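Examination of the molecular architecture
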Amino acid sequence: MKAKTAKNSRKPRAPKAADITPDEATPEEERQAPRWAFPSVVRCPRCGTTDNVRYSGGKGEGVQYRRCLRATCRYRFTVKGEKVD
Ligand SMILES: [Zn+2]
């Protein structure tokens, strides 16, 4: 369940579109591959913020690659998922 958040007309600095894989569409191959559940909020192991995005993974390998968005951090780390049927 997501908490309701008020929409700001002022957008926070958005990451470049090219840096992000679209997360919404589910390709055919992903539907047949094992599914993995990843935590929606992950803390950066380096700076401790939750301000990070997935940039790869989660398509059957059971690992999600995330990148910290903090300008002073930019740490890349992996998150292990749980297999779901
Ligand atoms: Zn960080």
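Preceding this section is the structure that the text describes.
Attention here is on the structure that accompanies the text.

The rules behind these values
Residues numbered from 1 in each chain as written. Predicted model: local features only at pLDDT ≥ 70, side-chain atom pairs only at ≥ 80, totals over all residues. Heavy atoms only, no water. Helix = DSSP H or I, 4+ residues; strand = E, 2+ residues; numbered from the N terminus. Contact = heavy atoms within 4.5 Å. Donors = N, O, S within 2.8 Å, 3.2 Å for Na, K, Ca; no water. Tetrahedral: all angles 85-135°; square planar, octahedral: opposite > 155°, others 65-115°. Buried < 20%, exposed > 50% of the residue type's maximum accessible area, 1.4 Å probe, protein only. Phe/Tyr/Trp six-rings, centres within 6.5 Å; stacked < 30°, edge-to-face > 60°. Lys NZ or Arg CZ within 6 Å of the ring centre and 35° of its normal.

Next up on the list: the environment of Thr 78. Within the secondary structure, Thr 78 sits in strand β4 (residues 76-80). The spatial distance from the C-alpha of Thr 78 to the C-alpha of Val 63 is 6.4 Å, given a sequence separation of 15 residues. Look past the residues within four positions of Thr 78 in its chain and what remains in contact with it is Val 63, Gln 64 and Tyr 65.

A few words now on the coordination of the zinc ion. Coordination of the zinc ion by the protein comes from Cys 44 (SG), Cys 47 (SG), Cys 68 (SG) and Cys 73 (SG), over a distance range of 2.3 Å. Coordination at the zinc ion is tetrahedral: its four donor atoms span angles of 104 to 116° at the metal. Between consecutive donor residues of the zinc ion, the sequence gaps follow C-x2-C-x20-C-x4-C. One end of the pair, Cys 47, is in the loop between β1 (35-37) and β2 (52-57); the other, Cys 73, is in the loop between β3 (63-68) and β4, and 26 residues separate them in sequence. Judged by relative accessible area, Cys 73 falls into the buried class, the value being 10%.

Below, the discussion takes up the packing of aromatic side chains. For the coordinates displayed, the defined rule picks out two aromatic pairs. Centroid distance Tyr 55 to Tyr 65: 6.3 Å. Interplanar angle 50°. Geometry classified as tilted. Residue Tyr 55 is found in strand β2, and its partner Tyr 65 is found in strand β3; the two are separated by 10 residues along the sequence. Overall, the relative accessible area of 21% leaves Tyr 55 in the partly exposed class. Seen from their ring centres, Tyr 75 and Phe 77 are 6.2 Å apart, and the 20° between their planes marks the pair as stacked. For Tyr 75, a relative accessible area of 31% gives the class partly exposed. Here Phe 77 falls in the buried class, since its relative accessible area comes to 7%. The ring of Tyr 55 carries Arg 76 above its face, with NZ or CZ at 4.7 Å from the centroid.

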